[in-house]
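Chain by chain, the residues run as shown.
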Amino acid sequence: MARELPKIYEPQQVENRIYQMWEEGGYFKPQGKPDAKPFTIVMPPPNVTGQLHMGHAMDATLQDTLIRFKRMQGFDALWVPGTDHAGIATQIKVEEQLRKNEGLSRHDLGREKFLERVWAWKHQYGNRIVEQQKKLGASCDWDRARFTMDEGCSKAVREVFVSLYEKGLIYKGSRIVNWCPHCITALSDAEVEYVDKPGKLWHLKYPIAGEEGRYVIVATTRPETMLGDSGVAVNPNDERYQDIIGKKCILPLMNREIPIVADDYVDLGFGTGCVKMTPAHDPNDFEVGLRHNLEMIRVLDDAGKVNELGGKYQGMDRYEARKAIIADLEELGLLEKIEDHQHNVGTCYRCGNDVEPIVSAQWFVSMKTLAEEAIRSVNDGETKFVPERFTKNYMNWMNNIRDWCISRQLWWGHQIPVWYCADCGHMTCSREDATCCEKCGSTHIERDPDVLDTWFSSALWPFETLGWPDAEAEDLKKYYPTSVLVTGYDIITFWVSRMIVSGLEHMGQAPFHTVLIHGLVRDNLGRKMSKSLGNGIDPLEMIEKYGCDALRMNMVTGNSPGNDMRFYVERTEAMRNFANKLWNASRYVLMNLSEDAKNALPAVEKLEIADKWVLSKLNTLIAEVTENLEKYELGVAVQKVYDFIWDTYCDWYIELTKARLYSEDQERKETAMSVLVYVLDQTLRLLHPFMPFITEEIWQSIPHEGEALIVAQWPEFRQELAFKAEEEQMESVMNAIRAIRNRRTEMNVPPSKKAALFVLTAKPQIFTEGEGFLQRLAYADAVTLLDTEPENLDGMVTITTADAKLYIPMGQLVDVAKELERIGKELENARKFLKSLDAKLSNEKFVARAPEAVVNAEREKQAKTRDLIAQLEQSEAALKKL
RNA sequence: GGAGGCAUAGCUCAGCUGGUUAGAGCGCAUGCUUCACACGCAUGAGGUCACAGGUUCGAGUCCUGUUGUCUCCACCA
């Protein structure tokens, strides 16, 4: 059992082996007893094209920590993994490859052949991200892994589309959509990134029809759209323009008569107060156009070039056309002025090109009624956000909901299940692939070429992964609704809110009761990690260098839910050091362990004060950590475990046991060993959700029952191990020890030299009980324990700690003046503190209203501080005599 | 324009429902090869908890305002 362990912990030697052991042991599958409550998490599916980044590391760590915690608590814990087909991202990736390797575009191959290529790509590379997640220690049930384009998900998507269509919640309509002329597809609102850019505001003169020499002046940032103008609008309350409302003006260059209308949309204060209306190329103009029956003239094609309605500008791209139009207007004297204008330009989140609002026929989900239910559900507390403030975020979006454009002009994705009849024009929307028109029976039908927005399938994730639409699927019945959803705040609207909507609509129940939101991982300057900045830190590299456990610890320590985190390699390093600390503490235990040692606590009578102290502290730790984890305060929980291991267990308890371990007293030695092993075992359990690998590795080496730590039982508070009194006594001993060390350091006493500090304690029994340990800790040879007060106090300085008095022979003081100064400072502090306590305690209101415990504590402090001051004064006086 | 976050030690951040003389990691200073660990041990320096008010016996913690900073949503031609 006591095997030779290397001095330095080497995660690389351990992690893969342990992970394999877990996987082969089937421990990632739900482990609950038949009556166990389920605890389910569905993993936010990463893109198949994805490369593991710090965001994934954060995501996975939090989820894995929760799952492992609940698994150990005895829940039937299930973590469902999967990947997302990621429409545009994947398609572009394969297209790029195609172009690079074969010089072909997707059109050269044709839809069917191209899709074969994408699938081939998926089969070759799609598992990469999964393998990378395993490096994070993710304990997902990989056998249940799903892909948003697999058969089951496709069925779910089809079912949802058709059923929403049948309910009239999906419709095809002309709307202004965000169009990317480079990617040649519509983008949802969320896929547009607004970038502040310097631009120009061109003031154009439109002649008023029939009134020679009179103009309206309109301002625009996109003059090329004037080709499609079908009106000019002013505010109905604008006194400047009352007389021209209802008149017409001549659209320059196109020589078209367009009406001047009045609409509230126009802001009196901006520009000239006259706005050109281009209903086909601006969302606001579109709305105004509908109200006033303005013509919809689309002048740009899908690639952003001027089309046949653009007169002589046909064929130019939008920027060329802009130049040409400005030049022409200037020549005609119709360019009033040009102003610099800073404005927010929508750009494609993929390619970065300016988005062009274009009117086109797209599919939409009517969100209004769906959103109402989603709002109600969260209001009723069926789903809670942690931290709570993100509820506002969610509500804000839901309350201002707009219809969701779900069609994308791509090939990779779920193709829209609608067929158009060439003969009667009817649309057939069907769960099965249609072979003929459902209305006229014609076989001249053609399927809609568009595919669905990737988020359309992601929105179904919590139930499609569990077997839906098969309502009888076992997993669905058992694990839906899921428990917690863990994700970053950046996709609350994209994803979380849409899952809530779909869960309520199709399952009749919100998909999870808690949404745990985390922040973004930023670089050490606070910037987002991104490819273009090249400031990303590769989690796999960190794992290779410091170990997975260290990286995971970095993700949870010192971070609170919803807040961003700056990534400091130093922190990972610190966590690596912590792993090593734990490793060596365990080595110490194992080295001293006898062959036949068992993991059982000795009888209470045999426990010594230090044992009771550590057990009692452990007890508190268990209660607190469990509570923190249940409240999703992972950062607080892990900090406590960390402190316990390093401070309580290593720096104090292990040191306290040394005297016994190296003594001849076999019984005392065994007691200490048993407690050492017991506390280590319990601590490993508490730490396991955070640092799964090293804890499992160590746990396998110490005496244990059960197969693996991953499925071991979570520790519980044990009333019989709460030793309040001993805990306090031990703390007082520790304070004395600290004071001794402090004196020694201040007096520059080298360890080899006796400091000749004499300790008298108010509780001598504490000190006499385990002589050995005090000596050791205080550099024993330098301390003499006294049973009674020294008879002659002359030549002694007295220092008082909470429960002990330290007598220091003057001769040992290196510098009397320095010591006097120190005492002076301490006195000053103590007097100040006492004054504040006196004031507090003489305040009747405080005594009357504060809880008794608080008042008593203050009284106690007051007494102690008085004592302290007296002792300090005594020392001061003694020193002054010298 | 609307909403929200953050502001605590040199740096990065914890601090739960208000209650010890405010904490950690890193960094810094001093000493230490003490028989688990120098990826270590010990000791220490360093903070009017952004500013101004308010509530309270009591505020880093709750409320209001100010300043700085970041983010989300909407997007004005």
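Residues numbered from 1 in each chain as written. Chains lettered and ligands numbered in written order. Predicted model: local features only at pLDDT ≥ 70, side-chain atom pairs only at ≥ 80, totals over all residues. Heavy atoms only, no water.

K.L.:
Pulling in residues and values, what's your account of the overall build of chain A?
P.N.:
From N to C terminus, chain A includes 28 helices and 29 strands. The C-alpha radius of gyration of chain A comes to 37 Å, more than 25% above the 29 Å expected for a compact globule of 882 residues. In chain A, which comprises 882 residues, the proportion classed as buried is 54%. Residue pairs in contact within chain A that sit at least 24 positions apart in sequence constitute 76% of those at least 6 positions apart. Summed over its atoms, the accessible surface of chain A is roughly 39,700 Å², and 48% of this surface lies on carbon and sulfur atoms. When the 107 basic and 134 acidic side-chain charges of chain A are each reduced to a single mean position, those positions are 3 Å apart. (Helix = DSSP H or I, 4+ residues; strand = E, 2+ residues; numbered from the N terminus. Rg over C-alpha atoms; globule rule 2.2 N^0.38 Å. Buried < 20%, exposed > 50% of the residue type's maximum accessible area, 1.4 Å probe, protein only. Contact = heavy atoms within 4.5 Å. Areas by Shrake-Rupley, 256 points an atom, 1.4 Å probe, with all protein chains shown as cover. Lys, Arg positive; Asp, Glu negative; His and termini not counted. Charge placed at Lys NZ, Arg CZ, Asp CG, Glu CD.)

K.L.:
Explain the nonpolar core to me, using residue names and the numbers behind them.
P.N.:
For soluble globular proteins, nonpolar side chains are generally found buried alongside one another. Grouped together as the largest cluster of nonpolar side chains are 111 residues, with contacts concentrated most on Tyr649 and Phe690. Of all the elements, helix H20 (residues 634-661) adds the most residues to this core, at 14 residues. Each residue touching Tyr649, except ones within four places of it in the same chain, is listed here: Ala585, Val589, Phe644, Ile654, Leu676, Val679 and Leu680. Counting residues in each nonpolar core, the second largest holds 57 residues, with Phe390, Phe463, Ala473 and Tyr479 among its members. (Core = buried A, V, L, I, M, F, W, Y, C linked by side-chain atoms within 4.5 Å.)

K.L.:
For the packing of helix H10 (residues 368-379) against helix H15 (residues 492-507), give the residues involved together with the corresponding values.
P.N.:
Contact geometry for H10 and H15: axes closest at 9 Å, N-to-C directions at 100 degrees. In terms of orientation, H10 and H15 fall into the roughly perpendicular class. Taken together, the residues of H15 that come into contact with H10 (itself represented by Leu370, Glu373, Ala374, Ser377 and Val378) are Ile500, Val501, Leu504 and Glu505. When its residues are assigned to classes, the contact of H10 with H15 shows 6 nonpolar, 1 polar and 2 charged. (Axes fitted to C-alpha atoms, helices over the stretch in contact; angles between N-to-C directions. Parallel < 35°, antiparallel > 145°, perpendicular 65-115°, else oblique. Nonpolar A, V, L, I, M, F, W, Y, C, P; charged D, E, K, R; others polar.)

K.L.:
Would you mind going over the protein's contact with RNA strand B in detail, with residue names and values included?
P.N.:
Around RNA strand B, the surrounding shell holds 62 residues, and the nearest of these are Phe270, Gly558, Trp646, Tyr662 and Arg849. Restricting the count to atoms of RNA strand B within 4 Å of the protein gives a sugar and phosphate share of 65%. A distance of 2.8 Å is found between a sugar or linking oxygen of RNA strand B and a side-chain nitrogen or oxygen belonging to Arg587. Within the residue set of the surface near RNA strand B, elements represented by two or more residues are strand S8 (215-220), strand S13 (335-348), helix H11 (390-399), helix H18 (569-591), H20, helix H23 (724-746), helix H27 (844-849) and helix H28 (852-881). (Near = heavy atom within 4 Å. Polar contact = N/O pair within 3.5 Å; in protein donor to acceptor, adjacent residues only side chain to side chain.)

K.L.:
Describe the sheet that holds strand S14 (residues 356-365), and please don't skip the residues or the numbers.
P.N.:
Taken together, the 4 strands give an open sheet; going across it, the order is S6-S5-S14-S16, and neighbouring strands pair in antiparallel fashion. Of all the strands in the sheet, the pair left with one neighbour each is strand S6 (185-187) and strand S16 (404-405). Inspection of the sheet shows strand S5 (residues 170-180) paired to S14 by 10 bridges, in the antiparallel sense. Looking across to S14, one finds that Asn178 is bridged to Pro357. (Pairing = 2+ DSSP bridges.)

K.L.:
Please provide a residue-by-residue account of helix H5 (residues 111-125), values included.
P.N.:
Taking 1.5 Å of rise per residue, the 15 residues of H5 would be expected to cover 21 Å, and the 21 Å separating its terminal C-alpha atoms lies within 8% of that figure. Here H5 has its buried residues at Phe114, Val118, Trp121 and Lys122. One face of H5 carries all of its buried residues, which in axial projection span an arc of 100 degrees. Opposite the buried face of H5, at more than 90 degrees from it, the exposed residues are Glu112, His123 and Gln124. For H5, the secondary structure elements touched by its buried residues are helix H3 (87-102), helix H4 (106-109) and strand S4 (146-147). (Expected span 1.5 Å × (residues − 1). Arc of directions from axis to C-beta.)

K.L.:
Run through the packing of aromatic side chains, naming residues and quoting values.
P.N.:
In the structure shown here, the tally under the stated rule is 25 aromatic pairs. Measuring from centroid to centroid gives 5.7 Å for Phe161 and Trp363, while their planes differ by 70 degrees, and the two rings are edge-to-face. One end of the pair, Phe161, is in helix H7 (residues 151-166); the other, Trp363, is in strand S14, with 202 residues separating them in the sequence. The residues Phe161 and Trp363 share a single accessibility class, namely buried. Counting every residue linked through ring pairs, the aromatic cluster contains Phe161, Tyr165, Trp363, Trp404 and Phe456. Here the guanidinium or amino end of Arg68 rests over the ring plane of Trp22, the centre of that ring lying 4.3 Å away. (Phe/Tyr/Trp six-rings, centres within 6.5 Å; stacked < 30°, edge-to-face > 60°. Lys NZ or Arg CZ within 6 Å of the ring centre and 35° of its normal.)

K.L.:
Let's hear about the pattern of salt bridges: which residues, and what values?
P.N.:
In this structure the tally under the stated criterion is 57 salt bridges. Glu159 is paired through a salt bridge with Arg431; the nearest N and O atoms lie 2.7 Å apart. Of this pair, Glu159 sits in helix H7 while Arg431 sits in the loop between strand S19 (427-429) and strand S20 (445-447), placing them 272 residues apart in sequence. Residue class for Glu159 comes out partly exposed when judged on its relative accessible area of 22%. Under the relative-accessibility criterion, Arg431 is labelled partly exposed at 36%. Several salt bridges converge on common partners, so that one network encompasses Lys29, Asp141, Asp143, Arg144 and Asp475. (Salt bridge = Lys/Arg side-chain N within 4 Å of Asp/Glu carboxyl O.)

K.L.:
Please set out the sheet that holds strand S10 (residues 248-251) residue by residue, giving values where relevant.
P.N.:
The strand order across the open sheet formed by 4 strands is S10-S11-S9-S12, and the pairing between neighbours is mixed. Only two strands of the sheet have a single partner each, and these edge strands are S10 and strand S12 (274-277). Recorded for the sheet is a direction-independent mean angle of 30 degrees between the axes of neighbouring strands.

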